[in-house]
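So the chains spell out like this:
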Amino acid sequence: MVLAGPSPAGAELVWTVARPDGSAWFEHRVDAPELDDGTATTIDLQRWEDGTDIDDAGTVAFTLRLVSELDGIDELLHDGSLTVVALEGEHRYAVDHDWLLPVGLVGLDTVDEHDGPKLRVTAFLKGEFDSYQVEAYAFRDGTRFAQASSVDSRHTFSANDGTVVGQELVAEFDDVRGWNNLTDQGWGAGWHLLDAADGSYEVKFTRDKKVARVVPFEVADGRIVPPGAIEVDPWVGPTLIVDAVVQGDLDGATDGEGAAFYGDLANAAAWVDIDAVYAQRTATTGGGEDAGAAGGQLDDEATEALQRFFDRAERLVNTWAADLEGGSPPWELGDVLQAEALERELPDYQVLRDAVRSVPDDHPLELNGEATTIGALDARVVRMGELAIARIGGSAQEAEDALAPYRELLANDKLAVFEDHPAPDFLYYTTDRRVIESPEELYEADEWYFEGTTETRGTGTVDGTSVDVVVEGWRVLGWVFDADGNTVDEFETQGQGTSAPKSAFQPRS
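Residues numbered from 1 in each chain as written. Predicted model: local features only at pLDDT ≥ 70, side-chain atom pairs only at ≥ 80, totals over all residues. Heavy atoms only, no water.

A.B. asks: I would appreciate a short explanation of the side chain of Arg213 in the present structure.
C.D. replies: Following the sequence through the fold, Arg213 ends up in strand β16 (residues 210-220). Only 2.6 Å separates the side chain of Arg213 from the backbone oxygen of Phe124, close enough to count as a polar contact. What Arg213 contacts, discounting residues up to four positions off in sequence, is Leu101, Ala123, Phe124, Leu125, Val203, Lys204, Phe205, Ala244, Val245, Val246, Gln247 and Asp251. (Helix = DSSP H or I, 4+ residues; strand = E, 2+ residues; numbered from the N terminus. Polar contact = N/O pair within 3.5 Å; in protein donor to acceptor, adjacent residues only side chain to side chain. Contact = heavy atoms within 4.5 Å.)

Below, the structure written as structure tokens:
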């Protein structure tokens, strides 16, 4: 458990537990370190003592108290109960955590990065599985826009025999942040800022590609809307407790009950309001001052809309203007990816721009220390979008132009095979594994070959134990054409090893 200060020197945590019939079961004492106010530590309450196990299911009541005889302190921390259920088999029991399945936690990690806290969402899934089987995706107004950078198991729930019965999974989104206090320093380019994008959000947890849990929340006026309680997590910051939606049957049979641990606590947690979540968000964004501050007076709604527009436009300019406005063909792959990244941003940008149409185009702004206006800033972003689209189209045309010499020479089956395997994406060989390097050589060659890899699965025995094995090998596809480019023969050769020998690049006899 997490113990938050203050805690006096020489104190103990006293854990008192009753049997399902109400009679005393055990009392366990653990030393509690001295803690100042505002600090916290984790304490292990596990108790192992032979001869004290019981063989009963039911409701187990408990209390946790902070006791210091020296200072005359006996403070109740937890007063709750847990439901213990019998599992299939003899002497197998587990705490019933089904009540947690429709619970989600939504937080912004202000402890780790208070200037740009990442979105952190928790879900509880039942059963035994590996965390790598779980992925999480963020949606805004029904559109997916981000995948979790990590999904980790924070806590594992297990039965008395060690069998895993469930896990608490935490999804972190590096590219989704609550706010950005350091925009003017160029930090956080490419982030999706919740305080600049109101809407209905969902985080969907998938297990083996099937949706298992949906955790919804709303953002309005730049803040997450609290649907209920907000608890202080000393390792993350204020965390909202929300209703999650259980989907599918991956959790197996559930009863939806079990003692609600949070609800049974007397004063176990520090409860706060939404202001505590945003306590470390500064009012300074967009290059050191609010975007609306440089011009005439606007009402609150227009000022907030203008700030969101400015923040997005500033990020787009600072991230992509230098590359798009200064580049020239031919375009490398990285150049095209940059253009495609901006193109994906344009629809959301347009929504923010449309929201400030009531503000005059000549409304003054300041971007990177230089005077500008709404109209001029918008024109620059629009021009960047045009350059991006032209770059993407130009790259596609360059690819078509590169294929034209081949298409002029090839015909019939040769042309059909080439369209399915365009150069230079595919490396062409001819007899004796000689590389074909030009359209003319490809036209002249009567034999074409492609090389790839294979995996052969089987079983083996190691020290008397059967194990699965994978044997890697090579694979060669071959065609023989007549003078008109029609297929005379098509065949495949396989073998073991890292690469094919020259003998594999020969027509069948």
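A.B. asks: Whenever I open this one, helix α5 (residues 412-420) confuses me. Can you help?
C.D. replies: Residues three or four positions apart in an α-helix share a direction because the helix packs 3.6 residues into each turn. Along α5, the positions that sit buried rather than exposed are Lys414, Val417 and Phe418. Buried residues along α5 cover an arc of 100 degrees about the axis, so they all sit on one side. (Buried < 20%, exposed > 50% of the residue type's maximum accessible area, 1.4 Å probe, protein only. Arc of directions from axis to C-beta.)

A.B. asks: Please clarify how the nonpolar core should be interpreted in this entry.
C.D. replies: For soluble globular proteins, the rule of thumb is that nonpolar side chains tend to be buried together. Core analysis: the largest hydrophobic core is formed by 35 residues, its most contacted members being Val106, Leu119, Phe173, Phe205 and Ile224. Contributions of two or more residues to this core are made by β8 (103-108), β9 (118-126), β10 (134-140), β13 (164-177), β15 (199-207), β16, β19 (237-243) and α1 (274-277). Not counting the four nearest positions on each side in its chain, Leu119 is found in contact with Val106, Gly107, Leu108, Ala171, Glu172, Phe173, Val176, Leu194, Val203 and Phe217. (Core = buried A, V, L, I, M, F, W, Y, C linked by side-chain atoms within 4.5 Å.)

A.B. asks: It is not clear to me how empty space enclosed by the protein should be interpreted in this structure. Could you clarify?
C.D. replies: With a probe scaled to a water molecule rolled over the atoms, the places where space remains empty come into view. As enumerated under the stated definition, the model contains two cavities of 30 Å³ or more in all. In this model, the largest cavity occupies a volume close to 60 Å³. Considering the residues around the largest cavity, the lining is formed by Leu105, Val106, Gly107, Arg120, Thr122, Arg154, Asp233, Val236 and Thr239. Elements represented by at least two residues in the lining of the largest cavity include exactly β8 and β9. (1 Å grid on protein atoms, 1.4 Å probe; cavity = no way out; pocket = protein on both sides within 12 Å on 5 of 7 lines; lining within 4 Å. Points joined across faces, edges and corners; volume = space filled by probe spheres on them.)

A.B. asks: Before we go on, may I ask you to explain the packing of aromatic side chains in this structure?
C.D. replies: Any aromatic ring pair is given by two values, namely how distant the centres are and how the planes are angled relative to each other. If you walk through the whole model with that rule in mind, you get 16 aromatic pairs. By the ring-pair criterion, three or more aromatic residues cluster together here, those being Tyr406, Phe418, Phe426, Tyr428, Trp448, Phe450, Trp479 and Phe481. In this structure, Lys204 packs its charged tip against the face of Phe139, placed 4.4 Å from the ring centre. The ring of Tyr443 has Lys414 sitting right over it, with the charged end atom 5.8 Å from the ring centre. (Phe/Tyr/Trp six-rings, centres within 6.5 Å; stacked < 30°, edge-to-face > 60°. Lys NZ or Arg CZ within 6 Å of the ring centre and 35° of its normal.)

A.B. asks: How do you make sense of the sheet that holds strand β7 (residues 93-95) when you look at a structure like this?
C.D. replies: In sheet architecture, strand pairing relies on hydrogen bonds along the backbone and comes in two forms, parallel and antiparallel. With antiparallel pairing, five strands are arranged side by side in an open sheet as β3-β2-β5-β6-β7. The open sheet has two free edges, formed respectively by β3 (24-32) and β7, since each of these has just one partner strand. Taking each pair of neighbouring strands and ignoring which way they run, the sheet shows an average axis angle of 25 degrees. Sheet topology places strand β2 (residues 11-18) next to β3; eight bridges connect them, and they run antiparallel. The residue bridging Thr16 from the neighbouring strand is Glu27, located in β3. (Pairing = 2+ DSSP bridges. Axes fitted to C-alpha atoms, helices over the stretch in contact; angles between N-to-C directions.)

A.B. asks: Looking at this structure, I do not really get the layout of surface pockets. What am I missing?
C.D. replies: Taken as a whole, the second largest pocket encloses approximately 550 Å³ of empty space. Along its surface, the second largest pocket is lined by 18 residues, and Phe145, His192, Arg344, Glu345 and Asp348 are the ones closest to its centre. Looking at the lining of the second largest pocket, the elements that each hand over two or more residues are β11 (143-147), β13, α2 (300-326) and α3 (333-354). Residues of the lining of the second largest pocket, tallied by class, amount to six nonpolar, four polar and eight charged. (Nonpolar A, V, L, I, M, F, W, Y, C, P; charged D, E, K, R; others polar.)

A.B. asks: Sorry, what's going on with the pairing of strand β26 (residues 465-481) here?
C.D. replies: A regular strand places its side chains on the two faces of the sheet in alternate fashion. The sheet contact formed by β26 and strand β27 (residues 487-496) spans nine bridges and is antiparallel. Its bridge partner lying in β27, Phe481 is registered against Thr487. Following β26, the chain reverses through five residues before pairing antiparallel with β27; Gly485 in that reversal takes a positive phi of roughly 85 degrees.

A.B. asks: Is there a simple way to think about the packing of α2 against α3 in this case?
C.D. replies: The relative placement of two packed helices comes down to the angle between their axes together with the axis-to-axis distance. Contact geometry of α2 with α3 gives a least axis separation of 10 Å together with a crossing angle of 160 degrees. Classified by the angle their axes make, α2 and α3 are roughly antiparallel. Considering how the two elements wind past one another, α2 and α3 form a crossing that is left-handed. Contact residues: Arg308, Phe309, Arg312, Ala313, Arg315, Leu316, Trp320, Asp323 and Leu324 in α2; Asp335, Gln338, Ala339, Ala341, Leu342, Glu345, Asp348, Tyr349, Leu352 and Arg353 in α3. Classifying every residue of the contact of α2 with α3 by side-chain character gives ten nonpolar, one polar and eight charged. (Parallel < 35°, antiparallel > 145°, perpendicular 65-115°, else oblique. Left-handed = near helix turned anticlockwise from the far one by under 90°.)

A.B. asks: Before we go on, may I ask you to explain unusual backbone geometry in this structure?
C.D. replies: With glycine set apart, most residues show a phi of negative sign, and most peptide bonds adopt trans. In the Ramachandran plot, Asn368 falls in the positive-phi region, its phi being about 55 degrees despite a non-glycine side chain. As for its placement among the helices and strands, Asn368 is situated in the loop between β21 (364-367) and β22 (370-373). Positive phi is not limited to glycine here, since Arg433 has a value of about 65 degrees. Tracing the backbone shows Arg433 in the loop between β23 (429-430) and β24 (434-435).

A.B. asks: Teacher, can you tell me more about the environment of Trp479 here?
C.D. replies: Here Trp479 shows up in strand β26. You can call Trp479 buried: its relative accessible area is 7%. When the C-alpha atoms of Trp479 and Asp446 are compared, they prove to be 8.1 Å apart, with 33 residues separating the residues in sequence. Beyond its immediate stretch of four places on either side in the chain, Trp479 contacts Val417, His421, Asp446, Glu447, Trp448, Phe450, Thr487, Asp489, Glu490 and Phe491.

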